[in-house]
Amino acid sequence: MIETLSLLLCVLAGRSTGLESSGPTGIEAFVEQHARDVTYYGSGKAALRDGLASIAEPGQNVLVPAYLPDAVVEPFCELGLEPRRYRIKETLAPDLADVERRIDADTVAVMSVNYFGFPQPGLDELTALIDEHGCYHIDDNAHAPLSVVDGTLLGTRGDLGITSLRKLLPIPDGALLYCNSDGVRERFEPSSLSGVHERFDASDCQFVAKSLAVDVFSADDRVRRSVDALVTGRRNSLAAANPADRYEAGKRPMSKLSARVVDNSDPKAIRSARRENYRTWRRVLASRDDLEVRWESLPDGICPQVFPVRTRDPERFLAELEGVGMRGAHTWPRLAESVRTDPTYETSTALARETVVLPVQQCVDPSSIRAVGEKLRR
Ligand SMILES: Cc1ncc(COP(=O)(O)O)c(C=O)c1O
């Protein structure tokens, strides 16, 4: 039964059942072509925890961008590290002067983020500064497990990096830690949160059953909504949970179900489907002068997580989308209150308020994006 459900989940993922693709096309094989040292986890935050534990001591600080979801700093706090936030620019590049001002003798690392599947703007200047101060560089690539720039997989450009597989595939959990530099590899000790569960368990089965229920009923809006409410109760309650609880929920090894789907997914097909959806959104929204497209060009190798736009009136745009039956768009991210209430971080706060992300998942058909575009124009 569970084996069958796992295959069905692959079908829902829109690509491969594993019956026709094995080994060379799986994501595991793809990642191993690009990264030397890869460890599996249940979540990106758990991966970050183990990576941080291998380089930092309690009392030290790590610089992180202020434009970051609130729960990402939870592992820092658990380890007794100070997440020290630096300002970013409108372009999402780090404010280098601010980074430099905040580095002190206790700064062990600086983190950059490849937002939405695209490489961190201003990375060369940032890494020069990090090297000058003798800190580690953490390459947070939670959004882009398959993005490759000039032959290098995002997430592998720092001393250590992470990526979140559950942001790419419809799986209950899954993330990777990359230990890239020799110094980190020597110090790294995986905790009990690392690895992959040996067996399928009840929560795997529950997850697939829920995914199927939502899919089956998605044609009828009223039924879909009530099924959504019923079966995604856990996910919604998690979404509403505080950052510490969200961190705790992901502190585990990756499930066997996720590992199976990851292994049987075709990176090329996923990347190409997401890129097609990204280009379709760009065409569909091209005439909207109330929306600023974050990245007009989509360089080779990029596997977008979402299609981000900026608008002065996000509520109106979201209501418009909802009005034409489009779900799944939202502002990003939920910032920590300490960031939102601090005028130092006004750029990050404005970006978080005004950035709306639209789905480009491989299971979305470009024709449904075009249909949304037509309805929006009417
Ligand atoms: C930039 C960034 N880093 C790290 C994470 C953590 O990933 P996960 O949700 O797999 O713990 C997230 C999650 O949203 C994220 O957006």
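All values reported here derive from a predicted model rather than from experimental measurement. (Residues numbered from 1 in each chain as written. Predicted model: local features only at pLDDT ≥ 70, side-chain atom pairs only at ≥ 80, totals over all residues. Heavy atoms only, no water.)

## Description of the overall build of the chain
Along its length, the chain carries 17 helices and 13 strands. Long-range contacts, defined as pairs at least 24 residues apart, comprise 73% of the intrachain contacts of the chain with a sequence gap of at least 6. Accessible area for the chain stands at about 16,600 Å²; split by element, carbon and sulfur atoms hold 49% of it. (Helix = DSSP H or I, 4+ residues; strand = E, 2+ residues; numbered from the N terminus. Contact = heavy atoms within 4.5 Å. Areas by Shrake-Rupley, 256 points an atom, 1.4 Å probe, with all protein chains shown as cover.)

## Comments concerning the nonpolar core
F116, W281 and L285 are the most contacted members of the largest nonpolar core, which has 79 residues in total. Residues in contact with W281, not counting those within four places in the same chain, are F307, M326, L358, P359, V360, I369 and V372. Counting residues in each nonpolar core, the second largest holds 23 residues, with Y40, L146, V261 and C303 among its members. (Core = buried A, V, L, I, M, F, W, Y, C linked by side-chain atoms within 4.5 Å. Buried < 20%, exposed > 50% of the residue type's maximum accessible area, 1.4 Å probe, protein only.)

## Observations concerning helix α14 (residues 314-323)
Where α14 is concerned, the buried positions are P314, F317 and L321. Viewed end-on, α14 has its buried residues packed into an arc of 70 degrees, placing them on one side of the element. When the buried face of α14 is taken as reference, the exposed residues oriented beyond 90 degrees from it are E315 and G323. Close packing links the buried residues of α14 with β11 (306-310), β12 (330-331), α16 (346-354), β13 (355-359) and α17 (366-377). (Arc of directions from axis to C-beta.)

## Some points on the site of the ligand
Close to the ligand lie 14 residues, the nearest being G44, K45, D140, H143 and S164. One of the side-chain nitrogen or oxygen atoms of H143 is found 2.8 Å away from an oxygen atom of the ligand. Within the contact set of the ligand, an oxygen atom lies 2.7 Å away from a side-chain nitrogen or oxygen of S164. Isolated, the ligand exposes 390 Å² of accessible area, and the fraction of that covered by the protein chains is 93%. Among the residues forming the shell around the ligand, the class breakdown is six nonpolar, four polar and four charged. (Near = heavy atom within 4 Å. Polar contact = N/O pair within 3.5 Å; in protein donor to acceptor, adjacent residues only side chain to side chain. Nonpolar A, V, L, I, M, F, W, Y, C, P; charged D, E, K, R; others polar.)

## Description of the confidence of the model for the chain
This prediction gives the chain a mean pLDDT of 89; 85% of its residues lie at or above 70. Throughout residues 216-220 the model reports pLDDT below 50, and contacts reaching past four residues in sequence, or to other chains, amount to four contacts. (pLDDT = per-residue confidence, 0-100.)

## Topic: the sheet that holds strand β2 (residues 61-65)
The mixed open sheet is built from seven strands, whose spatial order is β1-β9-β8-β5-β4-β2-β3. At either end of the open sheet lies a strand with only one pairing partner, and these are β1 (38-41) and β3 (82-86). On average, each strand axis in the sheet is inclined to that of its neighbour by 25 degrees, with strand direction left out of account. Where strand β5 (residues 136-140) meets strand β8 (residues 160-164), three bridges bridge the pair, whose relative direction is parallel. Following the sheet pairing, I138 is matched in β8 by L160. (Pairing = 2+ DSSP bridges. Axes fitted to C-alpha atoms, helices over the stretch in contact; angles between N-to-C directions.)

## As for the packing of aromatic side chains
The way to describe two aromatic rings as a pair is by their centre distance and the angle between their planes. Taken as a whole, this structure holds nine aromatic pairs when the rule is applied. Ring centres 5.3 Å apart and planes at 85 degrees place the aromatic pair Y67 and W332 in the edge-to-face group. Residue Y67 is found in the loop between β2 and α4 (74-78), and its partner W332 is found in the loop between β12 and α15 (337-340); the two are separated by 265 residues along the sequence. Side by side, Y67 and W332 carry an identical accessibility label, which is buried. A centroid spacing of 5.7 Å and a plane angle of 45 degrees characterise the contact between F118 and Y278, whose relative ring orientation is tilted. Of the two residues, F118 is situated in the loop between β4 (107-113) and α6 (123-132) and Y278 in helix α13 (residues 267-284); the sequence distance between them amounts to 160 residues. Residue class for F118 comes out buried when judged on its relative accessible area of 2%. On the accessibility criterion, Y278 (0% relative accessible area) is buried. (Phe/Tyr/Trp six-rings, centres within 6.5 Å; stacked < 30°, edge-to-face > 60°.)

## Overview of the environment of G26
Relative to the elements of secondary structure, G26 occurs in the loop between α1 (2-12) and α2 (27-34). For G26, a relative accessible area of 1% corresponds to the buried category. Note: C-alpha distance between G26 and D266 (240 residues apart in sequence) is 5.4 Å. Every residue in contact with G26, bar those within four places of it in the chain, is listed here: V262, D263, S265 and P267.

## Some words on the packing of α13 against α17
At their nearest, the axes of α13 and α17 sit 9 Å apart, and the two run at 15 degrees to each other. Overall, the two elements α13 and α17 adopt an arrangement that is roughly parallel. Here α13 runs over α17; the crossing is right-handed. Contact with α13, carried on its side by E276, N277, T280, W281 and V284, involves P366, I369, R370, V372, G373 and R377 of α17 and no other residues of that element. Looking at the contact of α13 with α17, its residues break down into five nonpolar, three polar and three charged. (Parallel < 35°, antiparallel > 145°, perpendicular 65-115°, else oblique. Left-handed = near helix turned anticlockwise from the far one by under 90°.)

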